[in-house]
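Survey of secondary and tertiary structure
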Amino acid sequence: MPYSDKYWCKEEVMPKKELEELQIKRLKWVIRHAYEKVPFYHKKMKEAKVYPDDIKKKEDIVKIPFTTKEDLRDNYPFGLFAVPKEKLVRIHTSSGTSGKPKVVGYTSKDLENWIDMVARCLYMVGMREKDVFQNMVSYTFFTGGLGMHYGAERIGAMVVPSGTGNTEKQIKYMLDFGTTVIHCTPSYALYIKEVAEKLDVLEKLELRIGCFGAEPWSENTRKRLEDAFNLKAYDSYGLSEMNGPGVAFECVEQDGLHIWLDHYFVEIIDPKTGEQVGEGEKGELVLTPLTKEAMPLLRYRTGDLTVLMTDKCACGRIHPRIHRIFGRTDDMIVVRGINVFPSQIEHVLMQIPEAGDHFQVVITKNGPLDEITVKVEVVDEVFTGELSDLEKLKRKIQNELKKELNLRTNVELVERGSIERFKGKAKRVIDLRNNL
Ligand code: DLL
């Protein structure tokens, strides 16, 4: 039940000292829980000669070894669980890019906590009982479907569980049911926008709030979505290993995502050295969930790159924010020795009015040299000659990319509809270097 008109629960605004005490109490609990109940952690901590009693203050956490995605895969399916199988009430999986999926599990208390966290996020951006929430992500193993569904129900909103696919129908549901809040990946939102434009119904939609997440997106994409749908677009971050969505979410200030310290212990490390970085420095997000019974991961390396923002937020919440994710350590493409994130390319393209909403990056080899080609869909007027000539536009995009990436790219302009659309997470990079 909402704590006040503005906040879902008292933990959002509790005194800082109280929150810190709660955090350390929970941190001690989760470390002991993992040590006592998960043989993997028992062994790992013994090897590192660190025991639950050694963790007295939050700085002591660095004594605990990291947990990696490989640890999850090596212990597939249930090796990292701290409770017997009969205590689990649900599992989800996250397939990632390679090999075995990561399996995550929940006790009924874990689900309760998760649902409350998602409700907290949705309430924070202004969703209320009167809203109609259309959930356009997969409802199967992906945590985005059921995770957001139950959170929205907890607020009392009416949920339209439309799942993925059939974009024209999705738009029809929005019109017929009076949808006011949508949830999907930002790349799918761009596709919906395109179809709605074609059907000429954008004006008829009653959307107020868009919750977009599960993949990196840029400030310029936000602008496009907000302008087209006439809504406020919020970034939603989470990962299956930490429950799913609901870990961090933007508030109405749209300046960083609040990360919930009563449920997660947050560190930012240098991905190369594993050392914690200084305040305000960019690094890899490392999370320790503080309340998870079924799968208490300690110092989990998310692979996601961000910055922790500790300055006070105008919304009044005491929880710090993370900068929108720049990309994943394993998403980074190294081209001719230069690090490139697809989100940088998106950022550049989305501010060029002639560029459409979809692009693809193809990496090949030309002799010993890496070649990077950015295929850009352009708005129809470019090909009908009503806008600038093609060569000039190509050079303009190349120059803008060069400024951002410090790298020469080939740019190919293609017609609208030439690049594959995605209903979940977009796959924008095709790296053919090892296939050639
Ligand atoms: O994507 C959970 C989720 C569902 C989040 C719906 C938000 C909305 P996984 O499939 O396990 O879980 O993928 C987690 O996706 O480590 C990030 O690399 C990426 N990711 C998630 N949210 C964002 C975001 C869900 N807002 C992985 N910005 C994470 C950038 C994101 N990347």
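The following refers to the structure shown.

The rules behind the values
- Residues numbered from 1 in each chain as written.
- Predicted model: local features only at pLDDT ≥ 70, side-chain atom pairs only at ≥ 80, totals over all residues.
- Heavy atoms only, no water.
- Near = heavy atom within 4 Å.
- Polar contact = N/O pair within 3.5 Å; in protein donor to acceptor, adjacent residues only side chain to side chain.
- Areas by Shrake-Rupley, 256 points an atom, 1.4 Å probe, with all protein chains shown as cover.
- Helix = DSSP H or I, 4+ residues; strand = E, 2+ residues; numbered from the N terminus.
- Nonpolar A, V, L, I, M, F, W, Y, C, P; charged D, E, K, R; others polar.
- Pairing = 2+ DSSP bridges.
- Axes fitted to C-alpha atoms, helices over the stretch in contact; angles between N-to-C directions.
- Contact = heavy atoms within 4.5 Å.
- Buried < 20%, exposed > 50% of the residue type's maximum accessible area, 1.4 Å probe, protein only.
- Right-handed = clockwise from strand over helix to strand, strands pointing away.
- Salt bridge = Lys/Arg side-chain N within 4 Å of Asp/Glu carboxyl O.
- Patch = residues over 30% accessible without salt bridge, like charges linked within 9 Å, V, L, I, M, F, W, Y side chains within 5 Å.
- 1 Å grid on protein atoms, 1.4 Å probe; cavity = no way out; pocket = protein on both sides within 12 Å on 5 of 7 lines; lining within 4 Å.
- Points joined across faces, edges and corners; volume = space filled by probe spheres on them.
- Arc of directions from axis to C-beta.
- Core = buried A, V, L, I, M, F, W, Y, C linked by side-chain atoms within 4.5 Å.

1. Considering the site of the ligand
- In the vicinity of the ligand, 21 residues are found, and the nearest of them are D235, S236, S240, D304 and K425.
- S240 has a polar side-chain atom sitting 2.6 Å from an oxygen atom of the ligand.
- A distance of 2.8 Å is found between an oxygen atom of the ligand and a side-chain nitrogen or oxygen belonging to K425.
- Relative to its unbound accessible surface of 610 Å², the ligand loses 96% to contact with the protein.
- Within the residue set of the shell around the ligand, elements represented by two or more residues are α5 (143-155) and β7 (232-239).
- Tallied by class, the residues present in the shell around the ligand amount to seven nonpolar, eight polar and six charged.

2. Some words on the sheet that holds strand β18 (residues 369-378)
- The strand order across the open sheet formed by four strands is β19-β18-β17-β20, and the pairing between neighbours is mixed. The open sheet has two edge strands with one neighbour each: β19 (410-414) and β20 (429-431). Sheet twist, expressed as the average angle between the axes of neighbouring strands with direction ignored, equals 20 degrees.
- Pairing geometry for strand β17 (residues 355-366) and β18, over nine bridges, is antiparallel. Bridge pairing in β18 places V361 opposite V374.
- Against the sheet, helix α11 (residues 390-405) touches β18 and β19, its axis set at about 135 degrees to β19.

3. Some points on the pairing of strand β3 (residues 132-135)
- Going residue by residue along β3, you find V132 and Q134 tucked away on one face and F133 and N135 tucked away on the opposite face as well.
- Note: β3 against strand β4 (residues 158-160), three bridges, orientation parallel. Among the inter-strand pairings, F133 is bridged to a residue of β4, identified as V159.
- Of the crossover connections in this fold, the one passing from β3 over α5 to the parallel β4 is right-handed.
- Pairing of β3 with strand β5 (residues 181-184) involves three bridges; the strand directions are parallel. Directly across from N135, in β5, lies its bridge partner H183.

4. Quick look at the pattern of salt bridges
- Tallied over the entire structure, the rule returns 40 salt bridges.
- Among the ionic pairs, R154 bridges to E112, the shortest N-O distance being 3.1 Å. Of this pair, R154 sits in helix α5 while E112 is found in helix α4 (residues 108-124), placing the two residues 42 residues apart along the sequence.
- Notably, a salt bridge pairs E219 with R324, separated by 3.3 Å at the nearest N-O pair. Here the residue E219 occupies a position in helix α8 (residues 219-229), and R324 occupies one in the loop between β13 (321-322) and β14 (327-328), the gap between them amounting to 105 residues.
- Taking the relative accessible area as the measure of exposure, E219 reaches 40% and is therefore partly exposed.

5. So, a nonpolar patch on the surface
- A surface patch of nonpolar side chains, about 250 Å² in accessible area, is lined by F78, I91 and F141.
- Mapping F78 onto the fold places it in the loop between α3 (69-74) and β1 (90-94).
- For F78, a relative accessible area of 30% gives the class partly exposed.

6. Describing empty space enclosed by the protein
- Under the defined criterion, the tally for this structure stands at one cavity of 30 Å³ or more.
- Empty space within the largest cavity amounts to approximately 80 Å³.
- Together, S187, H358, F359, Q360, I419, E420, R421, F422, A426, K427 and R428 line the largest cavity.
- If one sorts the elements of the lining of the largest cavity by residue count, β17 sits on top with three residues.
- Across the lining of the largest cavity, the residue classes tally to four nonpolar, three polar and four charged.

7. A word on helix α2 (residues 39-47)
- Among the residues of α2, those classed as buried are F40, Y41, K44 and M45. The arc that holds the buried residues of α2, viewed along the axis, is 115 degrees, so those residues lie on one side. The exposed residues of α2 that point more than 90 degrees off its buried face are P39, K43 and E47.
- Packing partners of the buried residues in α2 comprise α1 (16-37) and α3.
- Among the residues trailing α2, K49 stands out with phi positive, at a value near 55 degrees.

8. Regarding the environment of L19
- Looking at where L19 falls in the secondary structure, it is placed in helix α1.
- As for L19 and C251, which are separated by 232 residues in sequence, their C-alpha atoms are 19 Å apart.
- Apart from the residues lying within four places of it in its own chain, the contact partners of L19 are M14, L261, D262, I318 and H319.

9. What about the pairing of strand β10 (residues 264-269)?
- Of all six residues in β10, six are buried, a share of seventy percent or more.
- What you see with β10 is no split at all: Y264, V266 and I268 on one side and F265, E267 and I269 on the other are buried throughout.

10. A closer look at the nonpolar core
- Formed by 76 residues in total, the largest nonpolar core has its most connected members in L27, L122, Y237, F249 and L287.
- Ranked by residues supplied to this core, first place goes to α4 with nine residues.
- Beyond its immediate sequence surroundings of up to four residues, Y237 is in contact with P245, G246, V247, A248, L257, L285, T302, D304, I322 and I325.

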